[in-house]
Every structure is written in structure tokens, then in C-alpha cells.
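# Architecture at a glance
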Amino acid sequence: MNSSPDLSLLVRDLAVSFPDKDGKLEVLENVSFSVAKNEFVCLIGPSGSGKSTLLRALAGLIPYQKGTIEYPGFQNRQARTGLIFQKPNLMPWRDLNENIGLPLELEGAPKNEIERKVRETVALVGLAGFEHSWPHELSGGMAQRAAIARSLVQDPDILLLDEPFASLDELTRERMSEELLRIWNEKRKTILMVTHSIPEAVYLADRVLVLSRFPSGIVLDLPIDLPRPRDSQARFSPSFAKASRILHDHLKI
């Protein structure tokens, strides 16, 4: 696996373990993959295979015991990452604008810069008109858009999403997938997204990585042969069905 300035992320032989009553639990073992600049990659695998653990290691939230995480395309600096969880985790005492602007406040950004960036990001995610709504007034999809906006407002190099639509109903989930593609088409961020949904992975991704059961490694790196831009009709194409079948077969291994 060659290091290249055209790559946003390069992971080599990554291993993560946690202490348990028997000594340690090996969760990830010899995980190696790369993600190109502006590429959209989805990660799927059985429950408990370490998908969320991998994202947290990439975001620097947990340590890893072996291997390397490199950012070849960022001139010897660590890439800025934004992490979006399954739940929006909006602060109930802050309105939409205040929730989205929180990361910039914590950075000590000037007030006028915060206002400008929040305004631009709110428009990007389609929440204009709800700037002063409270979290309890937002639908599930709107709250998740706010969570996406909160990560985007810092202009991260790499966006990490951990099953961001898992709690939504099927129709809202499909709409949010289409919204995420729209945002990605506009901003062209590098995205690595964990999902349990094979159709969601095929619809969104340029490539889909499959994790094995733990201790987990990458058992399949599948390019998705669907043209972009994509719309809902892509879900009914022969290429979509073929990719879904291949992924389903590998998840049974």
C-alpha cells in the first residue's frame, strides 16, 4: 500500500485491544486500507466487529496498540477530523445556531466569524429558517442535519460518520442519504462512514470496506460501479443489485 499525496488517509496494520477479565480483548487486528482525497467510503461488518472502535481510533479518541495512521495529503500535519455519532447529542439549552457554533466558540474564534460560518453551514444543510429553534422542536432528521453542520462548521479534512441515520425511520433515512450526497457533492469532503445497511452503503459509497468478525480485519474492498451523480433510481439498477449481493455474501462469512 503506497503512500501518496492523493490520499487523505492511510492505515497500516492497525490493532486495537481493550483489557478484560482474561487479560485483553483483541478487537481490531492488522487493519489496512486507504482513502483517497474526496472519496466516499462506507464501512460495514457484523455487529461487534469493531467498526465504531475503528472510527474512534482514527479520530484520536482511543489509543491503538500497533500499526500506523497517516495523512499523506496534508503536508506532514495530522488531518482535521469531524466525528458524527448515531445520536445528534445537541445541547437542549442552546438553540440550533448556538449548537452548531459551539466548536468554533471552543476554539476561541471571533464572534463575527462564528456567525458567518454558522450562517453558511445552516444554509448548506438545509436548515435556514430554524436558526433559533430548540433541539426539542426539531425532527429526528433535522437534528441529525444539525449534528452534521456542527462537524462541518470547522471545515474538517475528513468526516467520520458512525451510523448517523440508524435511529431514523426508513423513508427519513433515505432522504438523509440523499441529503448527505448533496452536501458531499457540494463540499467534496473525504468521508468514511459506518453503516449496518448494505443498500445505504452501496447507494452512498465509491467503495465499501467489509470488516470480519473480531479480531477484525478488512476482508473485502469493493468498488461501487454506479455513476455519479446518483439519484433514487440507482437503487433499482443491476449494478446496485450485484454489489448488494456481493456484500451480503461476504457478511455471512
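Residues numbered from 1 in each chain as written. Predicted model: local features only at pLDDT ≥ 70, side-chain atom pairs only at ≥ 80, totals over all residues. Heavy atoms only, no water.

### Regarding the environment of Asp95
Topologically, Asp95 is positioned in the loop between strand S5 (81-84) and helix H2 (96-107). Spatially, the C-alpha atom of Asp95 lies 44 Å from that of Lys252, the residues being 157 residues apart in sequence. When residues no more than four places from it in sequence are discounted, the contact partners of Asp95 are Glu131, His132, Ser133 and Trp134. A polar contact is formed between the side chain of Asp95 and the backbone nitrogen of Glu98, at a distance of 2.9 Å. (Helix = DSSP H or I, 4+ residues; strand = E, 2+ residues; numbered from the N terminus. Contact = heavy atoms within 4.5 Å. Polar contact = N/O pair within 3.5 Å; in protein donor to acceptor, adjacent residues only side chain to side chain.)

### Observations concerning the packing of helix H4 (residues 140-152) against helix H5 (residues 170-187)
At a minimum axis distance of 11 Å, the contact between H4 and H5 shows a crossing angle of 25°. Taken together, the axes of H4 and H5 are roughly parallel relative to one another. In this structure, H4 crosses over H5, and the sense of that crossing is right-handed. Contacts from Gly141, Gln144, Arg145, Ile148 and Leu152 of H4 reach H5 at Thr172, Met176, Glu179 and Ile183. The class makeup of the residues in the contact of H4 with H5 is four nonpolar, three polar and two charged. (Axes fitted to C-alpha atoms, helices over the stretch in contact; angles between N-to-C directions. Parallel < 35°, antiparallel > 145°, perpendicular 65-115°, else oblique. Left-handed = near helix turned anticlockwise from the far one by under 90°. Nonpolar A, V, L, I, M, F, W, Y, C, P; charged D, E, K, R; others polar.)

### Describing the environment of Arg207
Looking at where Arg207 falls in the secondary structure, it is placed in strand S8 (residues 207-211). A relative accessible area of 12% means that Arg207 is categorised as buried. C-alpha separation for the pair Arg207 and Leu104, spaced 103 residues apart in sequence, amounts to 32 Å. Among residues more than four places away in sequence, those in contact with Arg207 are Ser34, Val35, Glu39, Phe40, Val41, Cys42, Asp221, Leu222, Pro223 and Ile224. (Buried < 20%, exposed > 50% of the residue type's maximum accessible area, 1.4 Å probe, protein only.)

### Structural notes on the packing of aromatic side chains
All told, the structure shown has one aromatic pair when counted by the stated rule. Seen in terms of ring centroids, Phe40 and Trp184 are 5.9 Å apart; in terms of plane orientation they differ by 70°. Their pairing is edge-to-face. One end of the pair, Phe40, is in strand S3 (residues 40-44); the other, Trp184, is in helix H5, and 144 residues separate them in sequence. The class of Phe40 is buried, set by a relative accessible area of 0%. (Phe/Tyr/Trp six-rings, centres within 6.5 Å; stacked < 30°, edge-to-face > 60°.)

### Points about unusual backbone geometry
With an omega of 0°, the peptide bond running from Arg228 to Pro229 counts as cis. Of note in the backbone geometry, Arg188 takes a positive phi value of approximately 55° without being a glycine. As for its position among the elements, Arg188 is in the loop between H5 and strand S7 (190-194).

### Re the side chain of Glu163
Position of Glu163 relative to the elements: it lies in the loop between strand S6 (158-162) and H5. Although Glu163 is buried, it makes no salt bridge; Arg173 carries the closest opposite charge, 5.4 Å away. For Glu163, the side chain forms a polar contact with the side chain of His196, separated by 2.7 Å. For Glu163, the residues in contact, after removing those within four places along its chain, are Gln86, Val194, Thr195 and His196. (Lys, Arg positive; Asp, Glu negative; His and termini not counted. Salt bridge = Lys/Arg side-chain N within 4 Å of Asp/Glu carboxyl O.)

### As for the nonpolar core
If you look at the biggest cluster of nonpolar residues, it comprises 51 residues, and the most contacted ones within it are Phe40, Met193 and Leu247. With seven residues, H4 is the single largest residue contributor to this core. Not counting the four nearest positions on each side in its chain, Phe40 is found in contact with Leu180, Leu181, Trp184, Ile191, Met193, Leu204, Ala205, Asp206, Arg207 and Arg228. Membership of the second largest hydrophobic core comes to 26 residues, among which are Leu9, Leu28, Val31 and Leu211. (Core = buried A, V, L, I, M, F, W, Y, C linked by side-chain atoms within 4.5 Å.)

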